[in-house]
Amino acid sequence: MLTPRPFLPSDMPRVQETVAEWIATAGRDAYDHVGELPHRVYDNLRGGPPVGDLVHVWEHRGEHGHERRIGGVTICLRFGSAFDAFCAPELRGTDSERAMLTFAADTTARHMADDEEYVLTDLFEMDTTRGRLLNELGFTFFRVWDDVNTRDLTDLPPVVVPEGFTVRAATLADADALAEARNASFGSDWTGAAYRDGMMTRPGYDPAGEIVAEAPDGRIGAYTVHWVDERNGLGHFEPVGTHEAFRRRGLARAVMAESMRRMAELGLRRVTVNHNAENLPAAQLYGSLGFTLECRTHGYRRAKDQDSMSR
């Protein structure tokens, strides 16, 4: 029997390892990079209901409850109205995947603010299995969501650092400066303590994977986190940000180039980065670094008050 239970931070490494095996088995058609898991749980859900109410690990329970093989993961209430559901390859298109989608949609709707009209989710454009199930549950396509870009980790661009700046890996001592940089690039409201305790010290995050461009005055001008999937030889950027006081100096390019150099040293073969399909500056930056469009994700939505359990 496949049943959900609340996620615990200690689950993260095992969940990432499981999803990496799913990708190795079935390819990327239904799975984003394993680095998206800690990013979405620790970053996207910050400041909302308890994570255990929004993130669930779906497990196969054997006789007497001893077997606990992971069959899926659901993440609810991203951006206040969206959900994700990752499902084991052998369960794709089955009632189990349908149950995960139903559970995630209903959980998200239950926690949404009154002024939110739609429950949202997305899928890779080639994932016809997920598209069919979403249509059956009353969801319809409404927009292209993200561009998914990729490049090989060969013939890498040089790491060009503006005079006075230092490009290096983050440490826990950077928490205050990283919080300021994130707030000044994305309009968020991190504090140093919240970033240190809510991201930097959580399972699945490695400070060595966050590369920063430090200004002469000690502020962080740009930063990126590169996530590593050694099982599939795949790296991933999420997020990439530049402090509003340091834009148009090539700092985002510098931290990404340094990150790619480090990923290549780890033996990774390829790297991906996603961006909102309408974000032209991001597309230009990634294109200048040699990334090309791999595929797109499609956004689906359904009215919040539509009960999937009745369908």
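Draft legend 1. Representation of the overall build of the chain. Helix and strand content of the chain: nine helices and 12 strands. Here the C-alpha atoms of the chain give a radius of gyration of 20 Å, agreeing with the 19 Å that 2.2 N^0.38 yields for 311 residues. Classification of the 311 residues of the chain by burial places 53% in the buried group. Within the chain, contacts between residues separated by at least 24 positions form 74% of all contacts whose residues are at least 6 apart in sequence. When the accessible surface of the chain is split by element, carbon and sulfur atoms take 48% of a total near 13,700 Å².

Draft legend 2. Region of the structure containing helix α1 (residues 12–26). A rise of 1.5 Å per residue sets the reference length of α1, with its 15 residues, at 21 Å; its end C-alpha atoms lie 21 Å apart and thus fit the reference within 8%. For α1, the complete set of buried residues consists of Met12, Val15, Gln16, Thr18, Val19, Ala20, Trp22 and Ile23. Note on α1: the residue one or two positions beyond its end, glycine 27, has a positive phi of about 85°.

Draft legend 3. Representation of the environment of alanine 184 within the structure. In this structure, alanine 184 sits in helix α6 (residues 175–186). Classification of alanine 184 by relative accessible area gives buried; the value is 14%. Between the alpha carbons of alanine 184 and glycine 241 there is a distance of 9.0 Å; along the sequence they are 57 residues apart. Not counting residues up to four positions away in its chain, the partners in contact with alanine 184 are Thr242, His243, Glu244 and Arg247.

Draft legend 4. Here's a closer look at the nonpolar core. Counting 59 residues, the largest nonpolar core has Ile75, Phe139, Leu178 and Tyr195 as its most contacted members. Among the elements that take part in this core, α1 stands out by supplying six residues, more than any other. Among residues more than four places away in sequence, those in contact with isoleucine 75 are Leu37, Arg40, Val41, Leu45, Leu54, Val55, Ala82, Phe83, Asp84 and Phe86. Listed in part, the 14 residues of the second largest apolar core include Phe237, Met260, Met263 and Val273.

Draft legend 5. Layout of the packing of helix α8 (residues 251–265) against helix α9 (residues 280–288). Interhelical geometry of α8 versus α9 gives an angle of 45° and a closest axis separation of 11 Å. By the angle between their axes, α8 is oblique relative to α9. Note on packing geometry: the crossing formed by α8 with α9 is right-handed. Contact with α8, carried on its side by Ala252, Arg253 and Met256, involves Leu285, Tyr286 and Ser288 of α9 and no other residues of that element.

Draft legend 6. Summary view of the layout of surface pockets. If you add up the space inside the second largest pocket, you get close to 440 Å³. Lining the second largest pocket we find 19 residues, and of these Asp206, Trp227, Val228, Asp229 and Glu230 sit closest to its centre. The set of elements that each furnish at least two residues to the lining of the second largest pocket consists of α1 and β9 (220–229). At five residues, β9 tops the list of elements feeding residues into the lining of the second largest pocket.

Draft legend 7. The packing of aromatic side chains, seen in detail. Under the criterion given, the structure shown has 10 aromatic pairs. Centroid distance phenylalanine 142 to tryptophan 145: 6.3 Å. Interplanar angle 75°. Geometry classified as edge-to-face. On the basis of relative accessibility, which here comes to 27%, the residue phenylalanine 142 falls in the partly exposed class. On the numbers, 5.9 Å between centres and 90° between planes, the contact of phenylalanine 165 with phenylalanine 246 is edge-to-face. In this pair, phenylalanine 165 sits in the loop between β6 (140–152) and β7 (166–169) while phenylalanine 246 sits in the loop between β10 (234–242) and α8, placing the two residues 81 residues apart along the sequence. One aromatic cluster is present, formed by Phe237, Tyr286 and Phe291 through successive ring pairs. Over the ring of tryptophan 190 we find arginine 46; its NZ or CZ atom is 3.9 Å from the centre of that ring.

Analysis parameters
- Residues numbered from 1 in each chain as written.
- Predicted model: local features only at pLDDT ≥ 70, side-chain atom pairs only at ≥ 80, totals over all residues.
- Heavy atoms only, no water.
- Helix = DSSP H or I, 4+ residues; strand = E, 2+ residues; numbered from the N terminus.
- Rg over C-alpha atoms; globule rule 2.2 N^0.38 Å.
- Buried < 20%, exposed > 50% of the residue type's maximum accessible area, 1.4 Å probe, protein only.
- Contact = heavy atoms within 4.5 Å.
- Areas by Shrake-Rupley, 256 points an atom, 1.4 Å probe, with all protein chains shown as cover.
- Expected span 1.5 Å × (residues − 1).
- Core = buried A, V, L, I, M, F, W, Y, C linked by side-chain atoms within 4.5 Å.
- Axes fitted to C-alpha atoms, helices over the stretch in contact; angles between N-to-C directions.
- Parallel < 35°, antiparallel > 145°, perpendicular 65-115°, else oblique.
- Left-handed = near helix turned anticlockwise from the far one by under 90°.
- 1 Å grid on protein atoms, 1.4 Å probe; cavity = no way out; pocket = protein on both sides within 12 Å on 5 of 7 lines; lining within 4 Å.
- Points joined across faces, edges and corners; volume = space filled by probe spheres on them.
- Phe/Tyr/Trp six-rings, centres within 6.5 Å; stacked < 30°, edge-to-face > 60°.
- Lys NZ or Arg CZ within 6 Å of the ring centre and 35° of its normal.

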